[in-house]
Amino acid sequence: MLNISGIREGYVLDHIKAGMSLKIYDYLKLGELEDGTTAIIMNARSNKMGKKDIIKVECPVDSIDLDILGYIDHNITVNIIKDDEIVEKRGLSLPHEIRNVIRCKNPRCITSVEQGLPQIFYLADEKNEVYRCRYCEEKYRGK
Amino acid sequence: MRHLMSPLDFTTDELYDLMRLADDIRENRQKYAKACEGKTLATCFYEPSTRTRLSFEAAMLNLGGNVLGFASADSSSAAKGESVSDTIRVISGYADICAIRHPKEGAPLVATSHSGIPVINAGDGGHQHPTQTLTDLYTIRSLRGEIGGLTIGLCGDLKFGRTVHSLINALVRYPDIRFILISPPELVVPSYIRDDVLTARGIPFTEVKSLEDAMPELDILYMTRVQRERFFNEEDYIRMKDFYILDKSKMELARENMLVLHPLPRVNEISVEVDEDPRAAYFTQAHNGVFIRMALILTLLKEAGTL
């Protein structure tokens with residue numbers, strides 16, 4: 001059994017769909033954390049999911065924007081740790097706006113040519129989890 | 001600062017006020033001849049246009065204002081790589097209001113983020129063309145008395161035709177509207193119109209391929225051109241361009257009071273023999289575009305506190 005020690009302050013992201021953890025590592029820009037250590041556990045056994053990934057991040061709380069997690073998979077469990085204790089289990093919901101995380105793939109969109117433009121998507125249909133580019137309204141299909 | 005990016009930026013009540021103002025302008029031209037004296041409209045057209053640009057320019061000149069601008073990306077700093085954001089920052093110091101056409105979808109919206117003057121979307125790629133929609137709505141209201149209780153056939157390039165997208169978005173706000181969407185399978189309306197607008201709002205619509213079958217049911221037939229500039233592949237364009245041609249024989253299938261509208265320019269999709277038919281309203285529609293743009297310019301300048 002692989003053993004990774006607990007963390008003093010930071011996050012434990014549990015119940016990540018197996019294989020998704022590296023994508024989440026990129027989306028959350030964990031590699032750019034100045035004051036943080038990340039452990040990625042892949043294909044851990046799970047009674048609920050069969051196999052799952054887990055990410056543990058030792059970092060000051062509130063140094064990561066977790067809104068995007070709701071977009072990636074709102075079934076992920078977010079545990080917030082302080083002084084070695086779980087102080088909060090945060091539920092996830094679909095963010096109303098996603099900024100500079102995903103890119104518009106429509107070649108006719110202004111974002112394909114205009115430099116310095118933020119990539120903004122808005123939640124167009126919550127039921128079907130549809131996001132559209134704020135500029136050209138094209139549906140995002142890359143998820 | 002109020003801009004016009006989509007026809008939905010105005011409520012139906014505000015559109016009604018705009019149309020009443022356009023009526024007043026049409027009937028009392030002299031009353032408005034100096035309404036914008038000393039004010040300047042910039043027409044920033046990054047892709048070619050005849051009607052829309054001249055219509056905007058005619059509108060401002062009829063109001064006693066001035067016009068400046070460029071008519072293609074080649075004749076502007078865009079050819080040197082200048083961004084839309086920088087261009088509008090500069091234009092804001094030269095003019096009081098700006099109409100912008102751009103081949104990239106969302107470009108006018110980018111302009112609004114950096115503009116100190118009202119911006120009007122004069123067409124952005126295959127996305128929106130709100131002033132054409134105002135013209136279409138104004139023409140329907142002028143010729144039918146009201147907007148509502150209509151079966152509207154949209155025919156041709158429903159995929160890239162921005163006038164179609166804008167018009168559907170605007171018409172679904174009126175009562176008892178039904179659509180018959182007539183297009184080849186390759187040029188059907190995009191999902192953000194079919195799913196998010198029509199289906200989501202429970203608007204009755206059918207998608208068909210045959211214009212002849214649809215004709216007897218229509219109150220309005222809105223023809224569109226298959227646009228060469230929207231295709232990445234010339235072969236696809238040639239295969240699609242003459243898919244629908246409205247001629248006398250097809251007009252015989254239509255109701256006596258059906259109206260034929262077209263945003264123009266037409267290529268082959270309406271035979272010239274149809275021009276003499278009293279139901280052909282597309283040239284009236286083009287003329288109406290000047291009055292509704294005059295009303296729009298006046299309204300936006302007033303709201304910006306410029307007038």
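What counts as what
- Residues numbered from 1 in each chain as written.
- Chains lettered and ligands numbered in written order.
- Predicted model: local features only at pLDDT ≥ 70, side-chain atom pairs only at ≥ 80, totals over all residues.
- Heavy atoms only, no water.
- Helix = DSSP H or I, 4+ residues; strand = E, 2+ residues; numbered from the N terminus.
- Buried < 20%, exposed > 50% of the residue type's maximum accessible area, 1.4 Å probe, protein only.
- Lys, Arg positive; Asp, Glu negative; His and termini not counted.
- Charge placed at Lys NZ, Arg CZ, Asp CG, Glu CD.
- Axes fitted to C-alpha atoms, helices over the stretch in contact; angles between N-to-C directions.
- Parallel < 35°, antiparallel > 145°, perpendicular 65-115°, else oblique.
- Left-handed = near helix turned anticlockwise from the far one by under 90°.
- Contact = heavy atoms within 4.5 Å.
- Core = buried A, V, L, I, M, F, W, Y, C linked by side-chain atoms within 4.5 Å.
- 1 Å grid on protein atoms, 1.4 Å probe; cavity = no way out; pocket = protein on both sides within 12 Å on 5 of 7 lines; lining within 4 Å.
- Points joined across faces, edges and corners; volume = space filled by probe spheres on them.
- Nonpolar A, V, L, I, M, F, W, Y, C, P; charged D, E, K, R; others polar.
- Domains from an automatic or database assignment.

## Considering the overall build of chain A
Of the regular secondary structure elements, chain A holds 2 helices and 8 strands. The helix and strand sequence of chain A, counted from the amino end, reads β-α-β-β-α-β-β-β-β-β. Taking the principal axes of the C-alpha coordinates as reference, chain A spans close to 50 × 35 × 25 Å. Out of the 143 residues in chain A, the part that is buried amounts to 45%. Taking the 22 positively charged and 23 negatively charged side chains of chain A as two groups, their mean positions are separated by 8 Å.

## Here we look at the packing of helix H2 (residues 51–62) of chain B against helix H11 (residues 282–303) of chain B
Residue and element names in this part refer to chain B. Contact geometry of H2 with H11 gives a least axis separation of 8 Å together with a crossing angle of 60°. Taken together, the axes of H2 and H11 are oblique relative to one another. As for how H2 packs across H11, the hand of that crossing is right-handed. Contacts from Thr52, Ser55, Phe56, Ala58, Ala59, Met60 and Asn62 of H2 reach H11 at Gly289, Val290, Arg293, Met294, Ile297 and Leu301.

## Here's the deal with the nonpolar core
Of all hydrophobic cores here, the largest spans 60 residues; its most connected members are Leu137(B), Leu154(B), Ile168(B), Phe179(B) and Ile297(B). Here the element with the most residues in this core is H11(B); it accounts for 10 residues. Excluding residues within four positions of it along the chain, Leu154(B) makes contact with Val164(B), Leu167(B), Ile168(B), Phe179(B), Ile180(B), Leu181(B), Ile182(B) and Tyr222(B). Core analysis: the second largest hydrophobic core is formed by 53 residues, Tyr131(A), Val84(B), Ile117(B) and Val119(B) among them.

## Comments concerning the layout of surface pockets
All names here are of chain B. Counted as a void, the largest pocket has a volume near 380 Å³. What lines the largest pocket is a set of 20 residues, and nearest its centre among them are Arg101, Arg162, Arg225, Leu264 and Pro265. Listed by contribution, the elements that provide at least two residues to the lining of the largest pocket are H2 and helix H6 (162–171). Each residue belonging to the lining of the largest pocket can be placed in one class, and the counts come to 4 nonpolar, 9 polar and 7 charged. For the lining of the largest pocket, the domains that each give at least three residues are domain 1 (7–128 + 286–303) and domain 2 (130–285).

## Describing the environment of Gly10(A)
Residue and element names in this part refer to chain A. Among the secondary structure elements, Gly10 is positioned in strand S1 (residues 10–17). Expressed as a C-alpha distance, the spacing of Gly10 and Leu28, which sit 18 residues apart in the sequence, is 14 Å. When near neighbours in sequence (up to four residues on either side) are disregarded, Gly10 contacts Val57, Cys59, Val61, Asn79, Ile80 and Ile81.

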